[in-house]
Amino acid sequence: MNRFDDDIGESDAFEAAASRPLSARAMAARPTPYLDGLNPEQRRAVETLDGPVLMLAGAGTGKTRALTARIAHLLLSGTARPNEILAVTFTNKAAREMKTRVANLMGQPVEGMPWLGTFHAICVKLLRRHAELAGLKSNFTILDTDDQVRLMKQLINAAEIDEKRWPARQLAGIIDGWKNRALTPDKVPAADAGAFNRRGPELYAHYQSRLRDLNAVDFGDLLLHMVTIFQAHPDLLGQYQRWFRYILVDEYQDTNVAQYLWLRLLAQGHSNICVVGDDDQSIYGWRGAEVGNILRFEKDFPGAQVIRLEQNYRSTGHILAAASGVIAGNKGRLGKTLWTDGEDGHKVRLIGHWDGDEEARWVGEEIEAMARGTRGMDPVSPDHMAILVRASHQMRAFEDRFLTIGLPYRVIGGPRFYERLEIRDAMAYFRLVVSPDDDLAFERVVNTPKRGLGDKAQQSIQKIARANGVSLVDGARLAVETGLIGGKGAKELRSFVHGLARWRDLMLGGLRPVGPGADLIDDDLIEEDRPVRKISHIELAEKILDESGYTAMWQNDKTPEAPGRLENLKELVKALEGFENLQGFLEHVSLIMDNEQDGEDPKVTLMTLHAAKGLEFPAVFLPGWEDGLFPSQRAMDEEGVKGLEEERRLAYVGITRAERVCTVSFAGNRRVYGQWQSQMPSRFIDELPEDHVEVLTPSGLHGHSGMGASASPMAGMMAGSDLHAQAARADVYNSPGWRRLQTNQTRPGLRQPSEARHMTIDAEAISAFAIDDRVFHQKFGYGTVTSVEGDKLGIAFDKAGEKHVVARFLVSADAADDVPF
DNA sequence: GGAGCAGTCTTTTTT
DNA sequence: AGACTGCTCC
């Protein structure tokens, strides 16, 4: 089942509309409003329609604006019709934003831009049209990483390789790498022959043929198959070259070899290709992106016009100067000089702390202070603040701290909604109902919840299915009918198989499918033929999850995560509302992944630097600037200078996210894999130009006054640059913090607008808990109240130990037990 | 089939 | 430290 953004459904009628030229009236009524307010470079980027164009767009220089205006210009000037423009992005989010913004610029709904989408979505669409050229049927399934790995595990075992020494994950990584480089099994270079204990190339070939048998592809295949098809069928390529008269590519610095080849094939001929990107923001080298693609553009496309967008509309002068200073350390850049005619603003603030906990504590207080308005700055809403970390595990210290002080935050990234265990399980059930021959889905849930069907039973099912050349579901049915599976599993398996059949019947409205493709049964037909009340897909989904015992499994689970998982399942069912049926939902499930529920309290954002690319915040915190953490030791070890430069670009991305205030911090000591280590401040701190940096004095409220002493790790920090020394010394002289401490203590409330509301909630919460009450906390799980001080409760958590927590993050344990579904 | 234990590993992430 | 995996033993 295809679970990713795949727009094949909207094809023909939609494209017919898209190919209609714009009405004369629309043209006449619209002069060129999309050009208003563009600076000369942007304008040039918009108006240079023919031939190759490289738009080098620095951070915050209005790149999306220029890109969307360019599309509007192509359309409104009558140069191209909507369906003649191929516009590629990396993420669905970017594609969606572009669609919306083009529509806004045009002042009229865009009648379909069928070829505006992600590389993958566009390739899916193309590949469904030409699947037979890749030995597939057009209804092929797209496997996710999970399925991929499971498949490879089977192949590794079949090849009698010790899966312990040679894990499937690693093989998946290797094969992915080859696919990123557009290498089919026969093209794997000799240099890579040794991969995976010399069995890599062979396993790759097996894997590909297995995929073909399953009528399935993985993500890498989408590009790879299209490149292969285009290379092998020049006539077909020619058609598309004529069809896509104008090509636009966003974030070109992130393209991998396969994407590059695909674009180059399509652009050959007219060369009307406009790529937009910033070599300084290339941070995905580790997953196959080739900065070289953008650096080489002028060679690849002779006569390319290079347009630099350098006027920055986002950040203050000091912030830009600091970012420029850092990135200047990289060699082999195309080179840009960002400038602004705005004010200098605040210098980048730098502060050192004793350890990671102290850093988190300080950031928490600083956020509260900034929300109130301090140091002559206007108050900044927590919504407008972000903490950007190098690695996601760094978030933990902040989460713990914010939970304790009751500072609302939101985490972006982490496992995406659809990647979560319970969601994948639920989806596997849906897949199995929609397409009963989805063997991978069957394997996933046949024994989830536990049905007493272990390896042995599953092997019997496999065997009988193979012997009869049927799917696993049918195999299971046979096994049940022939009594091949005995013991307690038999009964469970029977009810599982019957359940699947029953749910499928319900989905089809009581009719049995007639043949392939019969899934899509006409509603009218059902009404006339047999008046069955058709159960809604939402009811059906709930029924499936309930009757399969899946919901009950989590309800009976007492681990702290269980209630959250039930929540997620509810959310999943709710997400179904936006779709016509289960099939449609499965096709488009990628859309729910950025289902950000907003509109609640203002919250601070916590995310990785990678996730922050493309975003901006008035105030940004960049903690953990310590050598080994950032730049990451691993990046430097594995990739050397190349890795370091990518880390430096990450620093550049981080700083340039800030509009008005950017605060860099580091800690002298940090727990690394459970081990305390003393840390050296990041080398990137040395690279911050001093003129644009202000060293802050930490309050040292909870600090270690005696740390001036000899062998402390802080002494190591003092040995570094002037900036280190200042920041480190500042931690020692901690008196100025007292004033703020006093202020804080007399006015504990901080979020003025909602203070009253919180007070009420707190009051209720306090009265709700007493010592020895059993409580539940979303993050720490179950525990017992040990102390009550105002709204702060001491809790002995069963798993997480003693913690002090604000009352409103707790619910009574009884309430947590019966999370309804 | 499942509980419990020992050994391993630990950056970033979209589709 | 903590999560995850695979293995042993019941």
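Named according to an unreviewed UniProt entry, chain A is DNA 3'-5' helicase originating from Roseicyclus mahoneyensis. Under the UniProt heading Function (unreviewed entry), the entry covering chain A gives this text: "Has both ATPase and helicase activities. Unwinds DNA duplexes with 3' to 5' polarity with respect to the bound strand and initiates unwinding most effectively when a single-stranded region is present. Involved in the post-incision events of nucleotide excision repair and methyl-directed mismatch repair." According to its UniProt record, chain A has this under Sequence similarities (unreviewed entry): "Belongs to the helicase family. UvrD subfamily."

**Student:** What is the right way to look at the protein's contact with DNA strand C in this model?
**Tutor:** For DNA strand C, the full set of nearby residues is Glu-163, Arg-671, Tyr-673 and Gly-674. Residue classes in the surface near DNA strand C are distributed as one nonpolar, one polar and two charged.

**Student:** Help me out: how do you make sense of helix 6 (residues 119-129) in this one?
**Tutor:** Owing to its 3.6 residues per turn, the α-helix aligns residues three or four sequence positions apart on the same side. Summarising burial for helix 6: nine of the 11 residues are buried, a large majority. For helix 6, the full list of buried residues reads Phe-119, Ala-121, Ile-122, Cys-123, Val-124, Lys-125, Leu-126, Leu-127 and Arg-128.

**Student:** What should I look at first to understand the UniProt feature "binding site: ATP" (unreviewed entry) in chain A in this one?
**Tutor:** Mapped onto this structure's residue numbering, the UniProt feature "binding site: ATP" (unreviewed entry) falls at Ala-57, Gly-58, Ala-59, Gly-60, Thr-61, Gly-62, Lys-63 and Thr-64. Within the element layout of this structure, Gly-60 appears in the loop between strand 1 (53-57) and helix 4 (63-76). Setting aside anything within four residues of it in sequence, one finds Gly-60 in contact with Gln-311, Asn-312, Tyr-313 and Arg-314. Structurally, Thr-61 can be placed in the loop between strand 1 and helix 4. Classification of Thr-61 as buried rests on a relative accessible area of 1%. At 2.7 Å, the side chain of Thr-61 and the backbone oxygen of Gly-58 are in polar contact.

**Student:** Explain the nonpolar core to me, please; I cannot follow it from the model alone.
**Tutor:** Within soluble globular proteins, side chains that are nonpolar generally end up buried alongside one another. Counting 72 residues, the largest nonpolar core has Phe-230 and Trp-262 as its most contacted members. For this core, the element with the highest residue contribution is helix 12 (residues 257-267), accounting for eight residues. Here this core gathers at least three residues from each of two domains, domain 1 (29-139 + 215-311) and domain 2 (141-214). Those residues within four positions of Trp-262 in sequence are excluded, and the remaining contacts are Leu-86, Val-88, Phe-119, Ile-122, Cys-123, Leu-126, Leu-223, Met-226, Val-227 and Phe-230.

**Student:** I would appreciate a short explanation of the pairing of strand 15 (residues 675-678) in the present structure.
**Tutor:** Successive residues of a regular strand alternate their side chains across the two faces of the sheet. Here four bridges tie strand 14 (residues 658-672) to strand 15, and the two strands are oriented antiparallel to one another. Within strand 15, the residue paired with Val-672 across the bridge is Gln-675. Once strand 14 ends, the chain turns through two residues before running back antiparallel as strand 15, passing Tyr-673 with a positive phi of about 50 degrees.

**Student:** Can you help me understand the packing of aromatic side chains in this one?
**Tutor:** Centre-to-centre distance and the angle between the planes together describe a pair of aromatic rings. This model, assessed by the stated rule, comprises 19 aromatic pairs. With centroids separated by 6.0 Å and ring planes inclined at 55 degrees, the aromatic side chains of Tyr-429 and Tyr-550 adopt a geometry described as tilted. In this pair, Tyr-429 is assigned in helix 18 (residues 421-434) and Tyr-550 in helix 25 (residues 550-555), connecting sequence segments 121 residues apart. Pair check on accessibility: Tyr-429 and Tyr-550 agree, each one buried. Members of the aromatic cluster, joined through ring pairs, are Tyr-429, Phe-442, Phe-496, Tyr-550 and Trp-554. A cation over a ring is seen here: Lys-125 above Trp-115, with NZ or CZ 4.6 Å from the ring centre. Looking at Arg-296, its charged tip hangs above the ring of Tyr-260, at a distance of 4.8 Å from the centre.

**Student:** What is the right way to read the pattern of salt bridges from this model?
**Tutor:** Opposite charge on two side chains permits pairing when their charged atoms draw close. By the definition in use, this model includes 38 salt bridges. The closest approach of N and O atoms between Arg-349 and Glu-366, which form a salt bridge, is 3.0 Å. In this pair, Arg-349 sits in strand 9 (residues 348-355) while Glu-366 sits in helix 16 (residues 356-372), placing the two residues 17 residues apart along the sequence. Under the relative-accessibility criterion, Glu-366 is labelled buried at 0%. For Arg-670, the salt bridge goes to Glu-359, with nearest N and O atoms at 2.9 Å.

**Student:** What is the right way to read the environment of Gly-329 from this model?
**Tutor:** Structurally, Gly-329 can be placed in the loop between helix 15 (317-327) and strand 9. Given the relative accessible area of 34%, Gly-329 is considered partly exposed. The sequence separation of Gly-329 and Cys-274 amounts to 55 residues, and the corresponding C-alpha distance is 28 Å. The residues touching Gly-329, leaving out its near neighbours within four places in the chain, are Glu-645 and Arg-648.

**Student:** Can you walk me through the sheet that holds strand 8 (residues 305-309) in this structure?
**Tutor:** Strand pairing within a sheet occurs via backbone hydrogen bonds; the two strands may be parallel or antiparallel. Overall, parallel pairing links the six strands, which are arranged 3-2-6-7-1-8 in an open sheet. Each end of this open sheet is capped by a strand with a single partner; those strands are strand 3 (116-118) and strand 8. Strand-to-strand twist in this sheet, taken as the mean axis angle between neighbours without regard to direction, amounts to 15 degrees. Where helix 4 meets the sheet, its contacts fall on strand 1, strand 2 (85-89), strand 6 (246-249), strand 7 (273-277) and strand 8, and the angle it forms with strand 6 comes to roughly 170 degrees. Relative to the sheet, helix 6 contacts strand 2, strand 3 and strand 6, its axis offset from that of strand 3 by approximately 105 degrees.

**Student:** Explain the environment of Ala-121 to me, please; I cannot follow it from the model alone.
**Tutor:** Along the polypeptide, Ala-121 turns up in helix 6. Here the alpha-carbon distance between Ala-121 and Ala-465, two residues 344 residues apart in the chain, equals 33 Å.

**Student:** Whenever I open this one, the side chain of His-225 confuses me. Can you help?
**Tutor:** Counting through the fold element by element, His-225 comes out in helix 10 (residues 219-232). Residue contacts for His-225: discarding those within four places in its chain leaves Leu-127, Ala-134, Leu-136, Arg-212 and Val-217.

**Student:** Which parts of the structure should I look at to understand the side chain of Thr-68?
**Tutor:** Counting through the fold element by element, Thr-68 comes out in helix 4. A polar atom in the side chain of Thr-68 sits 2.7 Å from the backbone oxygen of Thr-64. Each residue touching Thr-68, except ones within four places of it in the same chain, is listed here: Met-98, Arg-101, Val-102 and Leu-105.

**Student:** Help me understand the confidence of the model for chain A in this model?
**Tutor:** Close inspection of predicted coordinates is inappropriate for parts of the model with low pLDDT. When the pLDDT values of chain A are averaged, the result is 80; 79% of them are 70 or greater. Every residue in residues 511-532 is under pLDDT 50, and counting partners more than four places away or in other chains gives 24 contacts. Below a pLDDT of 50 lies the segment residues 816-821, which in the model reaches 20 contacts outside its immediate sequence neighbourhood of four places, other chains included.

**Student:** Explain the environment of Arg-671 to me, please; I cannot follow it from the model alone.
**Tutor:** If you trace the backbone, Arg-671 turns up in strand 14. Using a relative accessible area of 53% as the deciding quantity, one classes Arg-671 as exposed. The sequence separation of Arg-671 and Asp-355 amounts to 316 residues, and the corresponding C-alpha distance is 8.5 Å.

**Student:** How should the packing of helix 18 against helix 24 (residues 537-547) be read in this particular structure?
**Tutor:** The relative placement of two packed helices is expressed as an angle between their axes plus a distance between the axes. For the pair helix 18 and helix 24, the least separation of the axes is 10 Å and the interaxial angle reads 110 degrees. Considering their axes alone, helix 18 and helix 24 lie roughly perpendicular with respect to each other. For the pair helix 18 and helix 24, the sense of crossing is right-handed. Facing helix 18, whose interface residues are Ala-426, Tyr-429, Phe-430 and Val-433, helix 24 presents Ala-541, Ile-544 and Leu-545.

Parameters at a glance
Residues numbered from 1 in each chain as written. Chains lettered and ligands numbered in written order. Predicted model: local features only at pLDDT ≥ 70, side-chain atom pairs only at ≥ 80, totals over all residues. Heavy atoms only, no water. UniProt positions renumbered as here; feature names shortened; annotations may be inferred. Near = heavy atom within 4 Å. Nonpolar A, V, L, I, M, F, W, Y, C, P; charged D, E, K, R; others polar. Buried < 20%, exposed > 50% of the residue type's maximum accessible area, 1.4 Å probe, protein only. Helix = DSSP H or I, 4+ residues; strand = E, 2+ residues; numbered from the N terminus. Contact = heavy atoms within 4.5 Å. Polar contact = N/O pair within 3.5 Å; in protein donor to acceptor, adjacent residues only side chain to side chain. Core = buried A, V, L, I, M, F, W, Y, C linked by side-chain atoms within 4.5 Å. Domains from an automatic or database assignment. Pairing = 2+ DSSP bridges. Phe/Tyr/Trp six-rings, centres within 6.5 Å; stacked < 30°, edge-to-face > 60°. Lys NZ or Arg CZ within 6 Å of the ring centre and 35° of its normal. Salt bridge = Lys/Arg side-chain N within 4 Å of Asp/Glu carboxyl O. Axes fitted to C-alpha atoms, helices over the stretch in contact; angles between N-to-C directions. pLDDT = per-residue confidence, 0-100. Parallel < 35°, antiparallel > 145°, perpendicular 65-115°, else oblique. Left-handed = near helix turned anticlockwise from the far one by under 90°.

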